[in-house]
Amino acid sequence: MAEDDRPVPLDEYPVHQVPLSMKHVATGDRNAYDRCIFHIFDHAGRHLLILGLGVYPNAGVIDAYATVRIGDTLHAVRASDALGDDRMDLRVGPLSITVEEPLKRLRLRCAGDGADSLSYDLTWTADFPAVWEPHHVQRRGGRLTLEGRRFVQAGSVSGVLRVGGTEIRVTSGEWTGTRDRSWGVRPIPGEDAGRAGDEGRPEGFHWLWVPVRFEDRFVMVIVQEDADGHRSLNEALLVRPGHRDLQLGWPHTEIAYRSGTRHPERAVLHLTGPDRSPLEMSAEIVLSSPLAIGAGYPPADDWQHGTWRGRDWTDRRTYDLSDPAAHPLAGYGVTDHAARFTLDGRTGYGIFEHGSFGRHDPSGFTGFDSTAP
């Protein structure tokens, strides 16, 4: 028997879903993936740390990243390697995630390579149960291009973050951490788009992903719309420990954009209570980080998730975010905004993830070059 055909450690556990080794996924699609993202930020809006790790079984790749924005500087660490057999070993380069208690406590670490480099040792602890997001399906032409199963969760964070020689204490009362776990099929670079890419270009895409942690409740809002406002993904959910989750209707948003951009500064999310009473959750942006800069999300031009960089690849760099014109592709990717929220007299903290590209009739955007007045 060839070594590549032998069982892997996870095969010891009764977790199989199909008659295959846990080394293999049930699809042969090269775009199969399994990954996570964490958002960790202080309530004053001084620091926004985004980190994640992903495996791409059919590409044979594991990679991870961490970015932290402080002022106008974004510090980034990215690492990639060949995917091994032990799927419970979530380490690549200096970055690691340890599941200390599933769905309750995780250890997040990044080793530094010098006094001025980014490093951290943090413990993320759940404050609310994990909840499913809507099943996410997208097709381009006749082909399934994205099918994801996701859950989201909000918690507290404690530990140490070191950036540029400065040690920052992360305390649970002054910082919030949200996380998302997803798996399925999602495009990775390196594939010819073919006819669908040439003839099936969408006119517009509008996206909101908003997890918010209040002291006694967690709110999750998701909106995906086409150019004409047709909604293909919709969620508004209120979660409280010990209570049944409440659906908060069909969310509508009013976003105040910075003039000449699609950068949100404030927003109101209009929700509906179970008794049909209107609820308004307002958001004030305190710090922003484009995922196309440093974090490897499309359309990043220096590294994207799932790409093969050889064994033991690690990259550290900083980006100057003071001049948006220096990063022209960032506006065509999703941006994560740390925000302060208010709902029914309560103050909460969370992420206002937003991307709006091309035409979007409800917002008044007429094309890819259209911005707020």
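Residues numbered from 1 in each chain as written. Predicted model: local features only at pLDDT ≥ 70, side-chain atom pairs only at ≥ 80, totals over all residues. Heavy atoms only, no water.

*Asks:* I'm lost on the side chain of Glu-353 in this one. Help?
*Replies:* Residue position: Glu-353 is located in strand E23 (residues 346-358). Of the polar contacts made by the side chain of Glu-353, one reaches the side chain of Trp-207; its length is 2.9 Å. (Helix = DSSP H or I, 4+ residues; strand = E, 2+ residues; numbered from the N terminus. Polar contact = N/O pair within 3.5 Å; in protein donor to acceptor, adjacent residues only side chain to side chain.)

*Asks:* Can you help me understand the pairing of strand E14 (residues 204-213) in this one?
*Replies:* Across a regular strand the side chains alternate sides, sitting on one face of the sheet and then on the other. Burial analysis of E14 places nine of its ten residues in the buried class, the great majority of the element. Note that E14 and E23 share eight bridges and pair antiparallel. The partner of Arg-213 across the bridge, within E23, is Tyr-349. Two strands pair when backbone bridges link them, and E14 and strand E15 (residues 218-226) are joined in this way by nine bridges, in the antiparallel orientation. Looking at the pairing, Val-210 lines up with Val-221 of E15. Here E14 folds back onto E15, and the loop between the two strands holds four residues. (Buried < 20%, exposed > 50% of the residue type's maximum accessible area, 1.4 Å probe, protein only. Pairing = 2+ DSSP bridges.)

*Asks:* How do you make sense of the packing of aromatic side chains when you look at a structure like this?
*Replies:* Here the distance between the centres and the angle between the planes together describe a pair of aromatic rings. Enumeration according to the criterion identifies nine aromatic pairs in this entry. Both rings, one in Tyr-257 and one in Phe-365, keep their centres 5.3 Å apart while their planes meet at 65°; by these two values the pair is edge-to-face. Highlighted residues: Tyr-257 in strand E18 (residues 252-257) and Phe-365 in the segment after E23, separated in sequence by 108 residues. A residue is classified by how much of its surface remains accessible, and Phe-365, at 3% relative accessible area, is buried. Stacked on the ring of Trp-313, the Lys or Arg Arg-309 has its end atom at 4.9 Å from the ring centre. (Phe/Tyr/Trp six-rings, centres within 6.5 Å; stacked < 30°, edge-to-face > 60°. Lys NZ or Arg CZ within 6 Å of the ring centre and 35° of its normal.)

*Asks:* Can you walk me through the layout of surface pockets in this structure?
*Replies:* Left-over empty space is what a probe sized like a water molecule reveals as it rolls over the atoms. Each pocket or cavity is described by its volume, and for the second largest pocket that value is around 1,600 Å³. Residue lining of the second largest pocket: 45 residues in total, with Leu-10, Met-22, Asp-34, Arg-181 and Trp-183 positioned closest to the centre. Elements with a minimum of two residues in the lining of the second largest pocket: strand E1 (32-42), strand E2 (47-56), strand E6 (95-101), strand E11 (143-163) and strand E13 (175-185). Its residues assigned to classes, the lining of the second largest pocket shows 26 nonpolar, nine polar and ten charged. (1 Å grid on protein atoms, 1.4 Å probe; cavity = no way out; pocket = protein on both sides within 12 Å on 5 of 7 lines; lining within 4 Å. Points joined across faces, edges and corners; volume = space filled by probe spheres on them. Nonpolar A, V, L, I, M, F, W, Y, C, P; charged D, E, K, R; others polar.)

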